[in-house]
Amino acid sequence: MRKIEREMIQAIIDQRSWSKANTRVYYDKESGLSQVFLHGHNIAEYGHKDMGLNVNNCGYETNTTKSRLNSLINFVLDGTKNGIFQKNWEWFVTNNGVTESFPSGYWYCFDVV
């Protein structure tokens, strides 16, 4: 995990807003929601109250986007059973052992139990 991703995760843990380089976390105290932005695009939302994680590549299938999203997935869920990977230029997501195409530009929801 990159240093910027560790700092991003720490901001989410601390439930505070944070910004560095191309990555920003916005924490809304009232809703209990942390939003993660990469280059101004909302790529993830983590609900502290409902413990849900929603991710979106916003149509940008880059290594940086994938790395940020996987850092969040590994933080919230077990990274051995969950995550995003690429094969033959196509993105896939594994959620609790089930692999399917990642819906580029659409929200993908992980439920945290």
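Our subject is the structure that appears above.
Quick caveat, the model's predicted, so the values are computed rather than measured. (Residues numbered from 1 in each chain as written. Predicted model: local features only at pLDDT ≥ 70, side-chain atom pairs only at ≥ 80, totals over all residues. Heavy atoms only, no water.)

**Here we look at helix α1 (residues 3-13)**
The α-helix advances 3.6 residues per turn, and as a result positions three or four apart in sequence lie on the same side. Those residues of α1 lying buried are Ile-4, Glu-5, Met-8, Ile-9, Ala-11 and Ile-12. What you see down the axis of α1 is that its buried residues fit within an arc of 155°, all on one side. Residues of α1 that are buried in the fold lie against β1 (18-20), β2 (23-28), β3 (33-38), β4 (41-47) and α2 (63-76). (Buried < 20%, exposed > 50% of the residue type's maximum accessible area, 1.4 Å probe, protein only. Helix = DSSP H or I, 4+ residues; strand = E, 2+ residues; numbered from the N terminus. Arc of directions from axis to C-beta. Contact = heavy atoms within 4.5 Å.)

**Digging into the pairing of β4**
The element β4 is largely enclosed, with a buried count of six among its seven residues. As paired elements, β3 and β4 share six bridges and run antiparallel to each other. The residue of β4 that forms the bridge with Phe-37 is Asn-42. Hairpin geometry of β3 and β4 is characterised by an intervening segment of two residues between the two adjacent antiparallel strands and by a positive phi of about 50° at His-39. Two elements, β4 and strand β5 (residues 52-55), share three bridges in a ladder whose sense is antiparallel. From the neighbouring strand, Ala-44 faces β5, where its bridge partner is Val-55. Between the end of β4 and the start of β5, which pair antiparallel, lie four residues, with Met-51 showing a positive phi angle near 55°. (Pairing = 2+ DSSP bridges.)

**Observations regarding the pairing of β5**
Where β5 meets strand β9 (residues 108-111), four bridges bridge the pair, whose relative direction is antiparallel. The residue of β9 that forms the bridge with Leu-53 is Phe-110.

**A look at the sheet that holds β5**
On the basis of which strands lie adjacent, the open sheet formed by six strands has the order β1-β2-β3-β4-β5-β9 and antiparallel pairing. Unpaired on one side and paired on the other, β1 and β9 mark the two borders of the sheet. Put simply, the sheet's adjacent strands are angled 15° from each other on average, direction ignored. (Axes fitted to C-alpha atoms, helices over the stretch in contact; angles between N-to-C directions.)

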